[in-house]
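Structural features, examined
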Amino acid sequence: MMISLYSIAQGPDAKQLHENARTFMRQGDYSNAILVLNRGLQLEPNNIELSKDLALNYFFQKDNTKALEIIKPVLEREDADDQCFQIAGNIYKAMYNTKDCEKTYRKGLKKFPNSGALYNEIGEMMLAQNNYESIKQWEKGIEVDPAYSRNYYNAAKFYFLTVDKVWSILYAEIFINIDPSSNKTPEMKELLLESYKKLFSDVNLEQNNKDKNEFVKIYLQAMNKQSGLASQGINTETLTMIRTRFILDWNSNSGTKYAYQLFDYHKQLLQEGLFEAYNQWLFGSVQNLAGFQNWIVTHATEYSAFNDFQRSRVFTMPATQYYR
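Okay, so let's go over this structure. Values in this document were obtained by computation on a predicted structure and should not be read as measured data.

Basis of the calculations
Residues numbered from 1 in each chain as written. Predicted model: local features only at pLDDT ≥ 70, side-chain atom pairs only at ≥ 80, totals over all residues. Heavy atoms only, no water. Helix = DSSP H or I, 4+ residues; strand = E, 2+ residues; numbered from the N terminus. Buried < 20%, exposed > 50% of the residue type's maximum accessible area, 1.4 Å probe, protein only. Contact = heavy atoms within 4.5 Å. Areas by Shrake-Rupley, 256 points an atom, 1.4 Å probe, with all protein chains shown as cover. Lys, Arg positive; Asp, Glu negative; His and termini not counted. Charge placed at Lys NZ, Arg CZ, Asp CG, Glu CD. Salt bridge = Lys/Arg side-chain N within 4 Å of Asp/Glu carboxyl O. Core = buried A, V, L, I, M, F, W, Y, C linked by side-chain atoms within 4.5 Å. Axes fitted to C-alpha atoms, helices over the stretch in contact; angles between N-to-C directions. Parallel < 35°, antiparallel > 145°, perpendicular 65-115°, else oblique. Nonpolar A, V, L, I, M, F, W, Y, C, P; charged D, E, K, R; others polar. Expected span 1.5 Å × (residues − 1). Arc of directions from axis to C-beta.

Counting its regular elements, the protein contains 18 helices and zero strands. The buried share of the protein, reckoned over its 324 residues, is 48%. The long-range share in the protein, meaning contacts at least 24 apart out of those at least 6 apart in sequence, stands at 59%. Surface accessibility of the protein: about 16,700 Å² in total, with carbon and sulfur atoms responsible for 50%. Considering the protein, the positive charge centre built from 36 side chains and the negative charge centre built from 38 side chains are found 4 Å apart.

Taken as a whole and assessed by the stated rule, the structure comprises 19 salt bridges. Here K66 and E69 are joined by a salt bridge, their closest N and O atoms 3.1 Å apart. A residue pair is termed a helical-turn pair when its members lie 3 or 4 positions apart in one helix, as K66 and E69 do in helix α5 (residues 64-75) at three residues. We classify E69 as partly exposed; its relative accessible area is 48%. Residue E173 pairs with R243 through a salt bridge whose shortest N-O separation is 2.9 Å. Here E173 is found in helix α11 (residues 167-178), whereas its partner R243 is found in helix α14 (residues 236-253), with 70 residues between them in sequence. The two residues E173 and R243 agree in class, both being buried. Each of the salt bridges in this network shares a partner with another, and the network as a whole consists of E49, K52 and D81.

Attention now goes to the environment of K72. Position of K72 among the secondary structure elements: in helix α5. Look at K72 and you get partly exposed, because its relative accessible area is 44%. For the pair K72 and A88, spaced 16 residues apart in the sequence, the C-alpha separation amounts to 7.0 Å.

Our next topic: unusual backbone geometry. You will see that K62, though not glycine, has its phi angle at about 65 degrees, which is positive. Here K62 shows up in the loop between α4 (48-60) and α5. On the basis of relative accessible area, K62 is assigned to the exposed category, the value being 72%.

Core analysis: the largest hydrophobic core is formed by 63 residues, its most contacted members being Y196, Y219, Y260 and F263. The element best represented in this core is α11, accounting for nine residues. The residues contacting Y219, other than those within four sequence positions of it, are V166, I169, L170, Y196, L199, F246, W250 and F263. Membership of the second largest hydrophobic core comes to 34 residues, among which are I70, V74, A80 and C84.

This part is about the environment of L205. Relative to the elements of secondary structure, L205 occurs in the loop between α12 (185-199) and α13 (214-224). Overall, L205 belongs to the buried group, its relative accessible area being 5%. Along the chain, L205 and N224 lie 19 residues apart, while their C-alpha atoms are 5.5 Å from each other.

Where α11 contacts α13, the axes come no closer than 11 Å and their chain directions differ by 90 degrees. Between α11 and α13, the crossing angle belongs to the class labelled roughly perpendicular. For the pair α11 and α13, the contacting residues are W167, I169 and L170 in the first and F215, V216 and Y219 in the second. Looking at the contact of α11 with α13, its residues break down into six nonpolar, no polar and no charged.

To continue, consider helix α15 (residues 261-272). It helps to recall that an α-helix has 3.6 residues per turn; residues three or four apart then point in one direction. If you check α15, its first and last C-alpha atoms are 16 Å apart, about what twelve residues at 1.5 Å a residue would give, namely 16 Å. Inspection of α15 places L262, F263, Y265, H266 and L269 among the buried residues, and these make up the whole buried set. The arc that holds every buried residue of α15, seen down its axis, measures 155 degrees, which confines them to one face. In this structure, the buried residues of α15 make contact with α11, α13, α14, α16 (275-287) and α18 (300-311). Remark: G273 follows α15 within two positions and exhibits a positive phi of approximately 75 degrees.

Written out as structure tokens, the structure is:
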């Protein structure tokens, strides 16, 4: 009993305080998060995770001066990670200090050359300045840090607005699988559906292709074989057929030379009998919500099995499969 009373008198430790603060953050209660984080830093003044979250909470409260005051000393520490530079750069961006914003991101990249987050931030900053070289930053982020989803998101949107008819499809679907619960996922599902309509707008997919990328050429050759199905219109049902035949063709002819995790995932879903449910999840909700809901009712077991399968795995692209 004396030990219990002593523990109560001592109060929570820094770890517990941090957990409490993050609960307040998730609830959007930044004032209470700041209060708790400050108490945590009293116990552990050198705890970098507490300092990062404290700066973030001031940033979320739009108290950028205080946020900067917290994060700037952290950047000079040996244990500063790429997120520290990302937070600091975002604060400068919110203050419309473009010069220090870019300087901070670049300094972070010098220390962390494989940070997808920092490449994404630089790309977004460049796009805000109407500098369309931003795509090079997102592509580099995809190449060096393929598990970071945001570069796929921005690259898919960028390519959708160009003459490209392949990478908006691939990058949108990769983003959706890496981050299926993101608030950006519905937007990417719609972009993916529209990208397929754009792809099949040509009767012959290969005819007007000027891309010298061999991966793209082989992809279009395989898709072109299925283009006859597009005459029925591009919808969830036709895309399921097109994509099924594409994967079977790809695995027979190109899968060895160009291994691609996204296509391997499609193959696995086919083998598990879940590919139709996956395509319904991808396209049904944006193409015909009522039809999608009806499909779930009539295929409840199959859709439940797909959800269980999806929750049981983490999707990521290997660094060796960058073909852009």
